[in-house]
Amino acid sequence: NAGVTQTPKFRILKIGQSMTLQCAQDMNHNYMYWYRQDPGMGLKLIYYSVGAGITDKGEVPNGYNVSRSTTEDFPLRLELAAPSQTSVYFCASSYSPRLAGGRNEQFFGPGTRLTVL
Amino acid sequence: AQKITQTQPGMFVQEKEAVTLDCTYDTSDPSYGLFWYKQPSSGEMIFLIYQGSYDQQNATEGRYSLNFQKARKSANLVISASQLGDSAMYFCAMREANNNDMRFGAGTRLTVKP
C-alpha cells in the first residue's frame, strides 16, 4: 500500500495564481483531511470529508476549496493565491471513529511545501 | 470549542533518561480521544499513542506512555529510555466525539543529548 500520497512536493506560486494540491489514499478510509502547518506552529484544519460527496469546513477554510468525488481522492484548490497561504500542506486520512472504536488515528501524507511570492 | 495547550516550546533530555512532554486540553464533551504525533526534521507526521476519555488504564506503546489525568484535563506523553532518534517535534491532538475534526497543540521540540 502506498498509504497517503500528495503531489506536488514543492511549488512556488505568484500572487493571484491558482493551483490544486492532489491527495490520494489507498487504505479505503472514509475520512480525509487537509491541514496547513505554518513555520514553528502546529497543524490547523482547513477542510475535511467524511465520505465521497461530503465535505465540511475546518478551522481555517478561507481561500480554499475542496471536492470529494471518490473515496480515494481529496484535492485542495487554492484560488487567487496570497502570501499568507505560504505554508506546508498535509493531507491525512482515517477510518470513521465509529468503525475504529474511537481510535481513528490519522495517517498523513508527506506534505506539500507551497510558497506564494 | 476544543483547545489544546502545550506549554513547553522546547525540552532537552539526556540519552537513556525519561522525559515528560506536557499537554492540557479543554472540552465540554465527555467523550473524546487524545493523540500524540511525532514530526522528525524530515517533516512527516508519525502517530505514537492514543487515549480514549473512557479508558480506565493509561495507554502504553513500547517506550511511549500517556499519563492521563482526566480531572486535571492533562494528557502528558512520557518517553522512557530516550534515544537520539527521539529528537523531533511532538504534537498533542484531540478529537471530540461530536466533532469530526482534530485540533493540534503548538508542539514541543525535544532534543536528546548524547
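These numbers come from a predicted model, not from an experiment. (Residues numbered from 1 in each chain as written. Chains lettered and ligands numbered in written order. Predicted model: local features only at pLDDT ≥ 70, side-chain atom pairs only at ≥ 80, totals over all residues. Heavy atoms only, no water.)

Enquirer: Quick question: what am I supposed to make of the overall build of chain B here?
Expert: In terms of helices and strands, chain B carries 0 helices and 12 strands. Order of helices (α) and strands (β) in chain B, N terminus to C terminus: β-β-β-β-β-β-β-β-β-β-β-β. In summary, chain B has a C-alpha radius of gyration of 14 Å against a globular reference of 13 Å for 114 residues, a match within 12%. Viewed in the frame of its principal axes, chain B has a C-alpha envelope of about 45 × 25 × 20 Å. Within chain B, the proportion of its 114 residues that are buried is 50%. Long-range contacts, defined as pairs at least 24 residues apart, comprise 55% of the intrachain contacts of chain B with a sequence gap of at least 6. For chain B, the accessible area works out to roughly 5,300 Å², and carbon and sulfur atoms hold 47% of it. Across chain B, the 11 positively charged side chains and the 11 negatively charged ones have centroids separated by 4 Å. (Helix = DSSP H or I, 4+ residues; strand = E, 2+ residues; numbered from the N terminus. Rg over C-alpha atoms; globule rule 2.2 N^0.38 Å. Buried < 20%, exposed > 50% of the residue type's maximum accessible area, 1.4 Å probe, protein only. Contact = heavy atoms within 4.5 Å. Areas by Shrake-Rupley, 256 points an atom, 1.4 Å probe, with all protein chains shown as cover. Lys, Arg positive; Asp, Glu negative; His and termini not counted. Charge placed at Lys NZ, Arg CZ, Asp CG, Glu CD.)

Enquirer: Sorry, what's going on with the nonpolar core here?
Expert: Across soluble globular proteins, nonpolar side chains show a tendency to be buried alongside one another. All names here are of chain B. Counting residues in each nonpolar core, the largest one holds 24 residues, and the members touching the most others are Y25, W36, I49, L77, Y90 and L110. Of all the secondary-structure elements, those providing two or more residues to this core are strand 3 (19-21), strand 5 (32-39), strand 6 (46-52), strand 8 (64-69), strand 9 (74-79), strand 10 (88-96) and strand 12 (108-113). Considering each element in turn, this core owes the most residues, 4 residues, to strand 10. In this structure L77 touches V19, T20, L21, W36, L48, I49, Y64, S65 and Y90, once residues within four positions along its chain are discounted. (Core = buried A, V, L, I, M, F, W, Y, C linked by side-chain atoms within 4.5 Å.)

Enquirer: What am I meant to see in the pattern of salt bridges here?
Expert: One side chain can pair with another of opposite charge once the charged atoms of both are near each other. Residues and elements named next belong to chain A. For the structure shown, the criterion picks out 5 salt bridges over all chains. Residue R36 is joined to D38 by a salt bridge in which the shortest nitrogen-to-oxygen separation is 2.8 Å. A salt bridge links E79 to R77, with the shortest nitrogen-to-oxygen separation between them at 3.1 Å. Judged by its relative accessible area of 35%, E79 is partly exposed. (Salt bridge = Lys/Arg side-chain N within 4 Å of Asp/Glu carboxyl O.)

Enquirer: Looking at this structure, I do not really get the interface of chain A and chain B. What am I missing?
Expert: Interface size is commonly expressed as the accessible surface area that is lost when the partners come together. Chain A puts 21 residues into the contact, and the matching count from chain B is 17 residues. Between chain A and chain B lies a buried interface of about 1,700 Å² when both sides are counted; carbon and sulfur atoms form 57% of it. Note that A:E59 is salt-bridged to B:R103, the shortest N-O span being 3.8 Å. At the boundary of chain A with chain B, the tally comes to 2 residue pairs in polar contact (both at pLDDT 80 or more). When contributions to the side of chain A that touches chain B are tallied by element, the ones reaching two or more residues are strand 4 (31-37) and strand 5 (43-51) of chain A. Class assignment for the residues of the side of chain A that touches chain B results in 11 nonpolar, 7 polar and 3 charged. (Buried area = accessible area lost by both parts, 1.4 Å probe. Polar contact = N/O pair within 3.5 Å; in protein donor to acceptor, adjacent residues only side chain to side chain. Nonpolar A, V, L, I, M, F, W, Y, C, P; charged D, E, K, R; others polar.)

Enquirer: How do you make sense of the environment of A:S93 when you look at a structure like this?
Expert: All names here are of chain A. As for its placement among the helices and strands, S93 is situated in strand 9 (residues 87-94). With relative accessibility at 0%, the residue S93 sits in the buried group. In sequence terms S93 and D73 are 20 residues apart; their C-alpha atoms lie 10 Å from each other. Setting aside anything within four residues of it in sequence, one finds S93 in contact with V4, Q25, M27, H29, Y31, M32, Y33, E105, Q106 and F107. A polar side-chain atom of S93 sits 2.7 Å from a polar atom in the side chain of H29.

Enquirer: Help me understand the state of the cysteines in this model?
Expert: Each disulfide is one covalent bond, formed between the sulfur atoms of two cysteines. Residue and element names in this part refer to chain B. Following the criterion strictly, the structure yields 2 disulfides over all chains and no others. The side chain of C23 participates in a disulfide bridge whose partner is C92; the two sulfur atoms lie 2.0 Å from each other. Disulfide C23-C92: the torsion about the S-S bond is -65°, which places it as left-handed. With a gap of 69 residues between them, C23 in the loop between strand 3 and strand 4 (24-26) and C92 in strand 10 connect regions that are remote in the sequence. (Disulfide = S-S within 2.5 Å.)

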